[in-house]
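Structural features, examined
In case you want the letters, here they are:
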Amino acid sequence: MSTAINGADTAWILIATALVMLMTPALGFFYGGLVRRKNVLSTIMHSFFMLALISVQWVLWGYTLAFGPDHGGLIGGLDWLGLQGVGLDPNPDYAATIPHQAFMIYQAMFAAITPALITGAFAERKRFKAFVIFSLLWATLVYDPVAHWVWGTGGWLRGLGVLDFAGGTVVHITSGVSALVAALMLGRRLGFGKESMDPHDATMTMLGAAMLWFGWFGFNAGSALTSGPLAVNAFVVTNTAAAMAALTWTTVSWMHQQRPSAIGAAAGAVAGLVAITPAAGFVDARAAIIIGTGAGIVCYWAVQLKHRLKVDDALDVWAVHGVGGWWGAIATGLFATTAVNSAGANGLFFGNPGQVGVQILAVLVSSLYAGGATWLILKLVDRFVGLRVPEAEEIRGLDASQHGEPAYQI
Amino acid sequence: MLLTIALICFLAQVLAWVMLPATPRPATLVAARESAPREALAVE
């Protein structure tokens, strides 16, 4: 295999890295608009701080655990600790035409946004200190191993033929299921179901969603790791699925609640982006329309189910990322075709029903592992630090109680 | 086959938009606006 560096591929991956980097603060704005005004700064800080925290963790030990030389299909070795041996020559195991460090920093942005997604579940009530320690442990004990299973050379799920182009399993299922566990363990916010917890700034949420959509082109099209036709396919299906899911969520909410919700359109777009993530390099635009439609429907009803069960996953992380991730992973097994990507596999609609089984196995394993490990980590953090702020601080708001700074002076 | 399903997914929604009634403003939003301080609503 050729290992010559290609300038166009390298430029595209660096741009895609910057696009994915923008998604984490965009997530902060998406979530920030959805909380009450007394908690907006703390919510944005969760995402902003995460970008910094995981950027350093990734360089020191995260990257080698996820992508380092394999140990039993389960974890990468410590050979690349502190990026020793991760140089400017390509690593053909992962990307033959870009410097190894370009691949590493691109993956760093995925590692950063994944635990940031979980913060929507415990918004408005978690201690900042507990958030920091939980996030560091979760990135190390959940994200890094699962990334190795699915994407690492020698990873056991990769060996079974699981298709996950840009992180449906690694990013969205792990974070979505962990969010549900976190919401259940932290308990409901004070006043949940009794007082209004409506979004304090829907415009901020819409802006955050638009920035996420923009950044997602880097997330999915960048995952081609080249600047060629596969990146173009991923770009097209990403936009198509996001659009179709935004339309569908709006339609379903219009029929169910007699109003075409703007925040619903934003949530729908994100659900579509989640669902197309594992499929982006394996399906065509017609399948993307079906995947987007499914995402808009199943994620909307997952939100309704959450309300009915009175689970305070504050910002619908499980419903959008968990359920959207499940749907996307299974849909990849339905609609994948080697006509799009000869390195992939065919799905059920193209004569290979076995791919659905492999995808379901990955869904189950990643969900169970992420959920169980999250429960254990939260128990540990609660034991030593305490997960929740005291009642008085929760009533006062986390901006004042955790950061000593009001978000707005107006 | 995928094209047929995709077309149905989209056109069914277009039909729904035509059929759905005009949207009344939710009562909760009206109440929130009317209870807000006048200066908060003022335009400089």
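Residues numbered from 1 in each chain as written. Chains lettered and ligands numbered in written order. Predicted model: local features only at pLDDT ≥ 70, side-chain atom pairs only at ≥ 80, totals over all residues.

1. With respect to the overall build of chain B
Note the threshold: Put simply, DSSP H or I for four residues or longer makes a helix, DSSP E for two residues or longer makes a strand, and each gets a number counted from the N terminus. Note on burial: count the other C-beta atoms lying within 10 Å of the residue's C-beta; 20 or more is buried, 12 or fewer is exposed, in between is partly exposed, and C-beta positions come from the backbone.
Within chain B, the secondary structure is distributed over three helices and zero strands. When the helices and strands of chain B are placed in sequence order, the string is α-α-α. When the 44 residues of chain B are sorted by exposure, 7% land in the buried category.

2. Some thoughts on the overall build of chain A
In plain terms, the rule: For the radius of gyration, the atoms used are the C-alpha atoms, and the globule rule reads 2.2 Å times the number of residues raised to 0.38. Residues are defined as contacting one another if the C-beta atoms placed from their backbone atoms lie within 7 Å.
In terms of regular secondary structure, chain A is built from 14 helices and two strands. At 20 Å, chain A has a C-alpha radius of gyration in line with the 22 Å of a compact globule built from 410 residues. Each principal axis of the C-alpha atoms in chain A carries an extent, and together these give about 60 × 50 × 35 Å. Restricting to contacts in chain A with at least 6 residues of sequence separation, those with at least 24 account for 74%.

3. Quick look at unusual backbone geometry
All names here are of chain A. Positive phi outside glycine occurs at Gln258, with the angle close to 60°. With respect to the helices and strands, the residue Gln258 is situated in the loop between helix H8 (229-257) and helix H9 (262-276). The phi dihedral of Lys310 is positive, around 60°, even though this residue is not glycine. One can find Lys310 in the loop between helix H10 (285-309) and helix H11 (317-335).

4. With respect to the confidence of the model for chain B
Residue and element names in this part refer to chain B. The test is simple: Known as pLDDT, the predictor's confidence for each residue is given on a scale from 0 to 100.
Per-residue pLDDT for chain B averages 72, and the proportion of residues at 70 or more is 50%. Per-element mean pLDDT across chain B ranges from 46 in helix H3 (residues 38-41) up to 95 in helix H1 (residues 2-19). A low-confidence stretch, residues 37-44 stays under pLDDT 50, and its non-local contacts, those more than four residues away or across chains, total one contact. This complex was scored by the predictor with a pTM of 0.94 and an ipTM of 0.88.

5. Brief notes about the nonpolar core
Residues and elements named next belong to chain A. Selection criterion: In this usage, the nonpolar core is the set of buried Ala, Val, Leu, Ile, Met, Phe, Trp, Tyr and Cys residues whose C-beta atoms join them within 7 Å.
Core analysis: the largest hydrophobic core is formed by 148 residues, its most contacted members being Ala241 and Ile291. The element contributing the most residues to this core is helix H3 (residues 100-118), with 14 residues. Discounting residues that sit within four places of it in the chain, Ala241 has contacts with Gly272, Leu273, Ala275, Ile276, Ala288, Ile291, Gly292 and Ala295.

6. With respect to the interface of chain B and chain A
Stated formally: Under this grouping Gly is polar, as are all residues other than the nonpolar Ala, Val, Leu, Ile, Met, Phe, Trp, Tyr, Cys and Pro and the charged Asp, Glu, Lys and Arg.
Taken residue by residue, the interface counts eleven residues in chain B and 14 residues in chain A. Looking at the side of chain B that touches chain A residue by residue, the classes come out as nine nonpolar, two polar and no charged.

7. As for the environment of Ala271 of chain A
Residue and element names in this part refer to chain A. Examined against the element boundaries, Ala271 turns out to sit in helix H9. A count of 36 C-beta atoms within 10 Å places Ala271 in the buried class. For the pair Ala271 and Met109, spaced 162 residues apart in the sequence, the C-alpha separation amounts to 20 Å. Residues in contact with Ala271, not counting those within four places in the same chain, are Ala245, Trp249, Ala295, Gly296, Cys299, Val320 and Gly324.

8. Considering the packing of helix H1 (residues 7-34) of chain A against helix H7 (residues 202-221) of chain A
All names here are of chain A. Put simply, the rule reads: Axis definition: a line fitted to C-alpha atoms, over the contacting stretch in the case of helices. Angles run 0 to 180 degrees between N-to-C directions. In this scheme, roughly parallel covers angles under 35 degrees and roughly antiparallel covers those over 145, while 65 to 115 is roughly perpendicular and the rest are oblique. By convention, the crossing between two helices is left-handed when the near helix turns anticlockwise from the far helix through less than a right angle, and right-handed when the turn is clockwise.
At a closest axis distance of 7 Å, the pairing of H1 and H7 adopts a crossing angle of 155°. Here H1 is positioned roughly antiparallel relative to H7, judged by the angle of their axes. Crossing handedness for the pair H1 and H7: left-handed.

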